[in-house]
Amino acid sequence: MRCYLFIFYLISISYLKSDNTFKEEIRPFLSEYCLDCHNNDSKKGGLNFEDLNSNFKVNGTSSAWEKILEQVEIGMMPPEKKDQPSATQRTIVAEWIKDELDRVGKGYAVRSRLLLPEYGNRISHELLFDGSVKDMPYTPARLWRISPHIYRGKRYQSVVRGGIEAEPVSYLSKSTGIRDYSSQEVMDESGFMALRMALSDIISSQMHDRELPGLSYGSDKGKPIRIAGKESFKAISEAKGMPSDESMSRVVREEFNKAFGRPINEDEFDRYFNFMKANIREGGNEAGLKTSLLAIYLSTGAVYRMELGRGDPDLHGRKMLSSQEIAFALSYALTDEPPANNKIISHALSSGKLRTRDDVERVLRAMIAEGSPPIRKNLPASAFHRMLQEAPHGYGYYPRVVRFFEEFFQYPRAGATFKDSPGAALGSRALVGAPQGQIVRIVNEDVRVFEELLTSERFNMSKEKLLPVFRAQFEERLKKIPADRREAAIKNYEKVSRQADNLPNDTFRAGILHDNSWLIAHSTNDENDPVHRGIWIREKLLAGNLPALPIGVDANVPEVHDKTLRQRFEVTRKAECWKCHKSFEPLGWPFESFTDRGWVRTGMYYNKKKKIFETELKPDQIKSGLNKGDLVKYSWDTTGEITGTGEPGVDGPVKDASELVHRLASSARVRQSIIRHAFRYWMGRNEILSDSKTLIAADRAYINSGGKFSEVLVSLLSSDSFLYRK
């Protein structure tokens, strides 16, 4: 009875505290910032907050508060011309609403949304970086499903390099941003069954030698393709009678090492070895082998990264990752391989020097100094684009570093973007490979990395700059070519050099946002896309928030063939549209400096016969078309505007895409926004307010080092957010 009375007392105190918060914080907030427009008389947007109930159990109350929550979090209300609440005031209101939703059983859906990558910016940027948050950082203890790339690194089937046999799982998150989030990458029943089927096929395909039908073309046409089975599997599956203990022991130890990324201990060995023996005795060699291997491959430690924090609790209730957990976390932070495959990590682990923050920093600096070799697969056919892809050896080529910039800028999507507009095209490998190489060069040089990524002139395809580099590289290679092959090599060099006449001599481009790949990735199949380009900048570079597209809104612009894209977009100036579009359209329009295929725009002509706009006509075609009256010359508008940084030298009108990116590159908010996305990528989650110290430290590391991205990595990967669990 006393227990029930105590619980009743706690609940009563909780509701009393909530009621006091409403009277002291929430009601005054509404009165000051909301009731001018949302009262009994005006009811703008059909919303009236004057008599809004604080009891969320009252019908309709919780839905009204959810609308307030979204507007408070994304910062669209109050309107920009009205007085604005502080970041702290917004956070107090938002947290109170979420707590009240929790009380009535509706908070889970709201809080779950905040775990999604696209909701990461809902946490106040100002509070994260102003130093007012004093909480100690940590990451919740978790199981993090192994990513498709890590499965590839396991090499369950050494003869296969791609497809489901190399990556038997896929990402569950959206393909429009950072993919590997621990809260999203979970194994539900359907995912488990799909993984089981894929692993079963992988095992079956290696039990015996296989023969596939030959190719239907080439010199080996009709010749059967023979694929050898795995010798260790065949020693069991093809054994006459019971396999030897030695062959079963070998499979258990080797496959456990692959699945778990570490050697098996003796207790585990006894369990799996005896399990295999019993399975083979009961079901036969093949069935017993498969069942036993599936038990290893589908174990929790093989499917999930386990980050529980196995150390002793500190004064803040946090537990540091164990040495083994740190080893996996560091290895998977930069590579897709287990720690046993990295000599720096494995040596530190075996020597007991992976226990403290200093140990972690020492290992990280050694790995960054060691670097990784260039990616030499899927090289572009074009010699010049291939030259650009092959950047020097360095830490920028670690697989996880490469993928961060791929997922952040999203430029690889250009390779799969179908273009239906007239104009010159680039091969998909050149389109993705060249900017990848340029990004890696900038990262490896490690000087003002963010600014260089956004403004570097090296993204211009300039034959005047490429030819000297190409010649210098050829002269180095020529020294290593045998004398009897040099003449042929020189002829080939001269042939390729002549092809440089087809290269443009761009000078306007500045940074990755001006590269063909980024422009095409953020375009439609036949025209520019100011909406999605602007949204990308608002969310990725300016840490901004945008509301979801309202249900029932027709988001299409009218198809009028003789009007420019900007003229057709005049429909978005309607009040109901512009209240959202003003946040991103002005950021997207400066890219009218380029055609939808990513070439620098030099003219725009309407072809009256074809009823299309043409932007890549030759001078004689333009002259003839104008004389005949087939072409009408149009001007194009590249002006736009930056808003929302609060920085006088950044906010304001811009004349074109060049001024846009140079202004953005000078912004502290842009720098911090990139760091926030780096945090999400390497922590596998959205930041929370208690991560403030981690983010501030990473920002300072970048500034104090002269813009080294390596220092951002060291700061993040040796932070409390990375090392502690709770």
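Rules and cut-offs
Residue numbers run consecutively from 1 along every chain, following the written order of its sequence. With pLDDT at 70 or above as the cut-off, local features in this predicted model cover only qualifying residues; side-chain atom pairs require 80 or more to be listed or tallied, and sums for whole chains, interfaces and linings still use all residues. Side-chain metrics in this entry use all non-hydrogen atoms of the structure; hydrogen atoms and water are not considered. To define axes, lines are fitted to C-alpha atoms, for helices over the stretch in contact only, and angles between the resulting N-to-C directions are given on a 0 to 180 degree scale. Helix numbering and strand numbering both begin at the N terminus, where a helix is a DSSP run of H or I of at least 4 residues and a strand a DSSP run of E of at least 2. Orientation categories follow fixed angle ranges, with anything under 35 degrees roughly parallel, anything over 145 roughly antiparallel, 65 to 115 roughly perpendicular, and all other angles oblique. Crossings are sorted by hand: turned counterclockwise from the far helix by less than a right angle, the near helix makes the crossing left-handed, and turned clockwise it makes it right-handed. The criterion used for residue contact is that any of the two residues' heavy atoms lie within 4.5 Å. Residue polarity is assigned by list, with Asp, Glu, Lys and Arg as charged and Ala, Val, Leu, Ile, Met, Phe, Trp, Tyr, Cys and Pro as nonpolar; anything else, Gly included, falls into the polar class. To pair, rings of Phe, Tyr and Trp, with the six-membered ring standing in for Trp, must have centres within 6.5 Å; the planes then decide the type, stacked if under 30 degrees apart, edge-to-face if over 60, and tilted in the middle. Throughout, exposure labels follow a simple rule: accessible area from a 1.4 Å probe, protein chains only, divided by the maximum for the residue type, with under 20% read as buried, over 50% as exposed, and the rest as partly exposed. In this scheme, a helix's expected span is set at 1.5 Å multiplied by one less than its residue total. Here, the arc refers to the directions that run from the helix axis to the C-beta atoms. Detection works on a 1 Å grid of protein atoms alone, calling trapped sets that fit a 1.4 Å probe cavities and calling open sets with protein on both sides within 12 Å along at least five of seven lines pockets, with lining residues defined by an atom within 4 Å of a point. Grid points are joined across faces, edges and corners, and a volume is the space filled by probe spheres set on the points. In plain words, nonpolar cores are sets of buried Ala, Val, Leu, Ile, Met, Phe, Trp, Tyr and Cys residues tied together by side-chain atoms within 4.5 Å. Patches were defined on residues exceeding 30% relative accessible area and lacking a salt bridge, with like-charge contacts within 9 Å and nonpolar side-chain contacts (Val, Leu, Ile, Met, Phe, Trp, Tyr) within 5 Å. In short, Shrake-Rupley with a 1.4 Å probe defines the accessible areas, and a residue's cover is counted only from the protein chains shown. Any Lys or Arg side-chain nitrogen found within 4 Å of a carboxyl oxygen on Asp or Glu counts as a salt bridge. In plain terms, two cysteine sulfur atoms within 2.5 Å form what is called a disulfide here. Neither His nor the chain ends is counted toward charge; the positive residues are Lys and Arg and the negative residues Asp and Glu.

1. Details of the packing of helix α17 (residues 399–409) against helix α18 (residues 428–445)
Here's step 1: Close contact between α17 and α18 brings their axes to 11 Å; oriented N to C, the two are set at 120°. In terms of their interaxial angle, α17 and α18 are classed as oblique. In the crossing of α17 with α18, the sense of the turn from one axis to the other is right-handed. Where α17 approaches α18, its residues Val401, Val402, Phe405 and Glu406 are matched on the opposing element by Gln436, Ile439, Val440 and Val443.
Here's step 2: For the contact of α17 with α18, the class distribution of residues is six nonpolar, one polar and one charged.

2. Re the packing of aromatic side chains
Here's step 1: Following the criterion strictly, the structure yields 35 aromatic pairs and no others.
Here's step 2: Taking the centre distance of 5.2 Å and the plane angle of 45° together, the rings of tryptophan 518 and phenylalanine 591 count as tilted. With tryptophan 518 in helix α22 (residues 516–521) and phenylalanine 591 in the loop between α26 (585–588) and β6 (605–607), this pair connects stretches of sequence that are 73 residues apart.
Here's step 3: Classification of tryptophan 518 by relative accessible area gives buried; the value is 0%.
Here's step 4: Put simply, the rings of Phe404, Phe405, Phe408, Phe409, Phe450, Trp518, Trp536, Phe591, Tyr681, Trp682, Tyr702 and Phe709 touch in pairs and so form one group of aromatic residues.

3. Quick notes on helix α21 (residues 483–499)
Here's step 1: Helix length check: α21 (17 residues) gives 25 Å between terminal C-alpha atoms against 24 Å at 1.5 Å per residue, within 8%.
Here's step 2: Residues Ala489, Tyr493, Val496 and Ser497 constitute the buried set of α21. Buried residues of α21 fall within an arc of 100° about the axis and therefore sit on the same side. Pointing more than 90 degrees away from the buried face of α21 are the exposed residues Asp484, Glu487, Ala488, Lys491 and Arg498.
Here's step 3: Where α21 is buried, its residues touch α16 (383–389) and α20 (463–478).

4. Describing empty space enclosed by the protein
Here's step 1: A complete count under the given rule lists three cavities of 30 Å³ or more for this structure.
Here's step 2: Each pocket or cavity is described by its volume, and for the largest cavity that value is around 60 Å³.
Here's step 3: Lining the largest cavity are Arg142, Trp144, Arg305, Glu307, Leu321, Ala329, Tyr332, Ala333, Arg400, Trp682, Phe722 and Arg725.
Here's step 4: For the lining of the largest cavity, the secondary-structure elements that each account for two or more residues are β1 (142–145), β4 (304–307) and α13 (323–334).
Here's step 5: The leading source of residues in the lining of the largest cavity is α13, at three residues.
Here's step 6: Partitioned by chemical class, the residues of the lining of the largest cavity number seven nonpolar, no polar and five charged.

5. Concerning the nonpolar core
Here's step 1: The biggest cluster of nonpolar side chains holds 79 residues, and the ones touching the most others in it are Phe409, Leu513, Ile537, Leu541, Trp682 and Phe709.
Here's step 2: Top element by residues in this core is helix α29 (residues 668–683). It accounts for eight residues.
Here's step 3: In this structure, phenylalanine 409 is in contact with Leu453, Leu454, Ile512, Leu513, Trp518, His522 and Trp536, ignoring residues within four places of it in sequence.
Here's step 4: With 36 residues, the next largest nonpolar core counts Val251, Phe256, Leu293 and Val303 among its residues.

6. Brief notes about a nonpolar patch on the surface
Here's step 1: Taken together, the side chains of Leu212, Leu215, Tyr217 and Ile225 define a hydrophobic patch exposed on the protein surface, amounting to about 360 Å² of accessible area.
Here's step 2: On the secondary structure map, isoleucine 225 appears in strand β3 (residues 225–227).

7. Describing the state of the cysteines
Here's step 1: Counted according to the given criterion, the structure contains zero disulfides.
Here's step 2: Counting only cysteine sulfurs, cysteine 37 is the nearest neighbor of cysteine 34, a cysteine outside any disulfide, at a range of 8.8 Å.
Here's step 3: For cysteine 34, a relative accessible area of 12% gives the class buried.
Here's step 4: With no disulfide of its own, cysteine 580 lies 8.7 Å from the sulfur of cysteine 577, the closest cysteine sulfur.
Here's step 5: When its relative accessible area of 19% is taken as the criterion, cysteine 580 is described as buried.

8. Describing the side chain of glutamate 451
Here's step 1: By secondary structure assignment, the location of glutamate 451 is in helix α19 (residues 449–455).
Here's step 2: One buried charged residue, glutamate 451, remains without a salt bridge, the closest side chain of opposite sign being arginine 448 at 4.5 Å.

9. So, the environment of leucine 626
Here's step 1: Residue placement: leucine 626 occurs in helix α27 (residues 619–628).
Here's step 2: Judged by its relative accessible area of 37%, leucine 626 falls in the partly exposed class.
Here's step 3: Measuring from C-alpha to C-alpha, the distance between leucine 626 and arginine 671 comes to 47 Å, with 45 residues separating the pair along the chain.
Here's step 4: Not counting residues up to four positions away in its chain, the partners in contact with leucine 626 are Tyr605, Leu631 and Lys633.

Purely spatial values, then, with no claim about function.
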